[in-house]
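Fold and geometry: a report
Chain residues, written in single-letter form:
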Amino acid sequence: MLWKTTDYTGWGRVHRAAGDLARPERAAELARLIEDSPGPAFGMRRSYNDSALNDTGRAIDMTRMTKIRAFDPETGVVEVEAGLQIGDLLRLFAPRGWIPAAMPGTGFATIGGAIAHDVHGKNHHVLGSFGQHVLSVTLLQPGGRQVVASPSRNKALFRATIGGIGQTGVIVSARLQLLRTPGPAMRVQESRIDSFDEFIARLDASSQTYTVGWIDGTARGAGLGRGILEEAELTDAAVQPARGGLPVPVDLPSFALSPPTVKLFNAAYWRKVPGRGRNSVKPIARHLFPLDKLHNWNRLYGKRGFHQFQCVVPPASVGVLREILEKIAASGLASPLSVLKRMGDGRAGMLSFPMAGYTLAIDFPARQQAETLIAELEAMTLEAGGRLYLGKDALAPGEMIKAMYPEWEAWRAEADKADPEGQLITDMVRRLALRSPR
Amino acid sequence: MTRSWIILGATSSMARAFARSVAERGDRVIVAGRDMADLKAMATDLALRGAASAEAMRFDARDPATFGPIVQKAELEPGEINVAVFVGSMPAQAEIDADPALISGVVADNFTGPVRFLAEIAPLLEARAGGTVVGVSSVAGDRGRISNYTYGAAKAGFATYLSGLRNRLTRAGAHVVTVKPGFVDTSMTWGIEGMFLVASPEKVAADILKAVEKRRNVLYTPGFWWLIMTIIKLVPERIFKKLSI
Ligand SMILES: Cc1cc2nc3c(=O)[nH]c(=O)nc-3n(C[C@H](O)[C@H](O)[C@H](O)COP(=O)(O)OP(=O)(O)OC[C@H]3O[C@@H](n4cnc5c(N)ncnc54)[C@H](O)[C@@H]3O)c2cc1C
Ligand SMILES: NC(=O)c1ccc[n+]([C@@H]2O[C@H](COP(=O)([O-])OP(=O)(O)OC[C@H]3O[C@@H](n4cnc5c(N)ncnc54)[C@H](OP(=O)(O)O)[C@@H]3O)[C@@H](O)[C@H]2O)c1
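Quick summary incoming for the structure in this document. (Residues numbered from 1 in each chain as written. Chains lettered and ligands numbered in written order. Predicted model: local features only at pLDDT ≥ 70, side-chain atom pairs only at ≥ 80, totals over all residues. Heavy atoms only, no water.)

The next thing to look at is the site of ligand 2. If you check the shell around ligand 2, you find 28 residues, and the closest are R26 of chain A together with T11, R34, Y151 and T186 of chain B. More than one chain reaches ligand 2: its neighbouring residues belong to chains A and B. Between ligand 2 and G88 of chain B, the relevant distance is 3.1 Å, taken from an oxygen atom to a main-chain nitrogen or oxygen of the residue. Protein chains shield 92% of the accessible area of ligand 2, which is 880 Å² for the free molecule. Mapped by element, the contributors of at least two residues to the shell around ligand 2 are α1 (13-24) and α6 (149-170) of chain B. Split by residue class, the shell around ligand 2 holds eleven nonpolar, eleven polar and six charged. (Near = heavy atom within 4 Å. Polar contact = N/O pair within 3.5 Å; in protein donor to acceptor, adjacent residues only side chain to side chain. Areas by Shrake-Rupley, 256 points an atom, 1.4 Å probe, with all protein chains shown as cover. Helix = DSSP H or I, 4+ residues; strand = E, 2+ residues; numbered from the N terminus. Nonpolar A, V, L, I, M, F, W, Y, C, P; charged D, E, K, R; others polar.)

In structure tokens:
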């Protein structure tokens, strides 16, 4: 059957949709679909919000479009279909000395999703965003028109496609510049951090390529902002390859991630790293995708789901970031998964998230209290001259998002041109009114 | 050791996952089927994933003229020759009931086509005194059910043939693995209602490769289907005929 009528959700499982999904297995089938019954394309739906939902409508599931079309071992240029997962690209090419130049915190994200949100990795402050390593994209637009866009050809379309949340056409394939690696492993250095100020200082001073901070969102007072700094470099040291993961078979009851449990977990996690620090060598995937070992970990939050608040603020607003963290700690609502990172200014699209500064990402179980808190944090982000991430945010009003993305209007013009009838519009685009009304 | 795989029905997602797993360990692969455009793209993909060589060839279960060239090509392949048959088709039983002319196609795709091909290539495995035939049958072949008994009958015929072929090839040192998948998340089952315990094609492919390495005779995949089918087979016919499962 071509269409499967089904219920589906974003990763956070707060937003839900019911509709018809087609899942093409080959290029000709995909082309036929876009010609006859265009709809937005989705990847692994690792976006937390409604970025990959189309309630009551049709959509194209790209996860079976996973062929590698070309690879040059001399230059590291690879051409792949958009449904291929980042983790597979890493697994296949790392042994040959090449890896994706930017990788998000999950290896399950597809190339299409990585482009459509211009994702960033732990090396963003050094190597920039995913889109900066995309040499060209091949799009199929409603009606079946095929267009190739690159930094030198159809430039505006290219900049509207990178980070363009799927609104300029279905990304069929992309040519990517991979990054040289001396081996399939990373040398990781973990340090305990006692306070927010120390964290910022250490992030600023870090000379390592892959740098990320895990932060205890429940610690208050003198311990505010304590956590663990993880710095890593690619290495040719030997390691055991990463093993397969474990499923979370059922939704956990809501007390599993209740404030007392989270506090205990965070304290224990923080103490796990000794005061003098810790060094290790890990497979790249194990270090970059720590949560992938636990498949469907989103079910840990129970049926009601969860939100991730992710903002980036410019360096001058680091004080606001501290206030944000204070508010979160005082609320007692944070979950164990909180990340603080330095960000560079690398971005490749009109709606790309990154800006030079610091980015903070924290999960909250979806409850009224948390949603009220997140609304406050969002307002603080706007005031700080910062930005919210379209791959995560599920609550901010459209006007606020538009104010954070100065190139929004130029983007909208390109999206409207590529998809004049609005056939690629998703729930998020509708909710935020990002496209022209029709 | 040099190993070559001839994969029939290679455009299936189950076959694709299997082909990739043997490609990644450096085997040689011939992917065969009807959609040459997709098969060529697949051969490129397999070569880039590590296959020592990868080629696309035409195979149509309903056109025995396409069999000979594949067998001749296999004769030129070095080392151990292995065959994996993923070919199959499953029109809805209601469609078949409305148009019994569909039956010959179902039987050709799931049974007679693959079987005739295997009969043509079996002497080569015997001559090389090794190699494995993987034949994908189905749990649907274990018992005739109202929802798909024509397909089930063809799959049962295929499984019986594989059992006999195993008996024959064992004498020459070659092996046959009969695969009986439960529900698998492929284009065949996409959008069909009433699916449960659906396995990914990658899981099934990994199970098949393990079964080949361990020289298993009959593989239920995922494994719990062995239990389910054992129970279903035990239900007396006088009760079974009233069930609609
Ligand atoms: C555990 C975890 C960690 C994460 N860490 C990071 C991180 O460190 N950095 C970061 O930037 N992000 C991170 N993310 C977010 C994630 O990388 C992005 O949401 C990414 O877009 C997910 O890819 P996907 O294939 O699941 O896309 P989906 O969520 O399925 O889709 C995302 C968007 O892309 C569009 N799209 C997808 N495929 C296509 C296509 N072929 N053509 C056109 N449009 C398409 C969809 O329409 C949708 O708008 C993380 C997510 C999780 C769950
Ligand atoms: N999915 C399940 O739940 C399930 C369960 C048990 C068993 N199986 C069996 O598993 C095998 C793979 O099926 P699938 O689920 O992956 O479905 P599929 O995608 O429909 O695959 C069927 C394959 O058979 C090929 N084929 C059909 N008729 C053919 C013919 N006349 N000549 C040559 N090739 C032909 C198809 O090629 P084209 O691309 O040219 O159509 C395709 O490659 C089949 O034998 C199926 O019966 C499936």
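Moving on, we come to the packing of α1 of chain B against helix α7 (residues 201-213) of chain B. Residue and element names in this part refer to chain B. At their nearest, the axes of α1 and α7 sit 8 Å apart, and the two run at 50° to each other. By the angle between their directions, the pair α1 and α7 is classed as oblique. Here the hand of the crossing between α1 and α7 comes out right-handed. Here S13, M14, A17, F18, S21 and V22 of α1 lie close against α7, whose contacting residues are P201, E202, V204, A205, I208 and L209. Across the contact of α1 with α7, the residue classes break down as nine nonpolar, two polar and one charged. (Axes fitted to C-alpha atoms, helices over the stretch in contact; angles between N-to-C directions. Parallel < 35°, antiparallel > 145°, perpendicular 65-115°, else oblique. Left-handed = near helix turned anticlockwise from the far one by under 90°. Contact = heavy atoms within 4.5 Å.)

What follows covers the pattern of salt bridges. A side chain of one charge can pair with a side chain of the opposite charge if their charged atoms are brought near each other. The final tally for this structure, using the stated rule, is 38 salt bridges over all chains. A salt bridge links E25 of chain A to R16 of chain B; the nearest nitrogen and oxygen atoms lie 2.7 Å apart. Of this pair, E25 of chain A sits in the loop between β2 (16-22) and α1 (27-36) while R16 of chain B sits in helix α1, on two different chains. The class of E25 of chain A is buried, set by a relative accessible area of 3%. R347 of chain A is the salt-bridge partner of E407 of chain A, the closest N and O atoms lying 4.0 Å from each other. Of this pair, E407 of chain A sits in the loop between α11 (398-404) and α12 (408-418) while R347 of chain A sits in the loop between β19 (338-343) and β20 (357-365), and the two are 60 residues apart along the sequence. (Salt bridge = Lys/Arg side-chain N within 4 Å of Asp/Glu carboxyl O. Buried < 20%, exposed > 50% of the residue type's maximum accessible area, 1.4 Å probe, protein only.)

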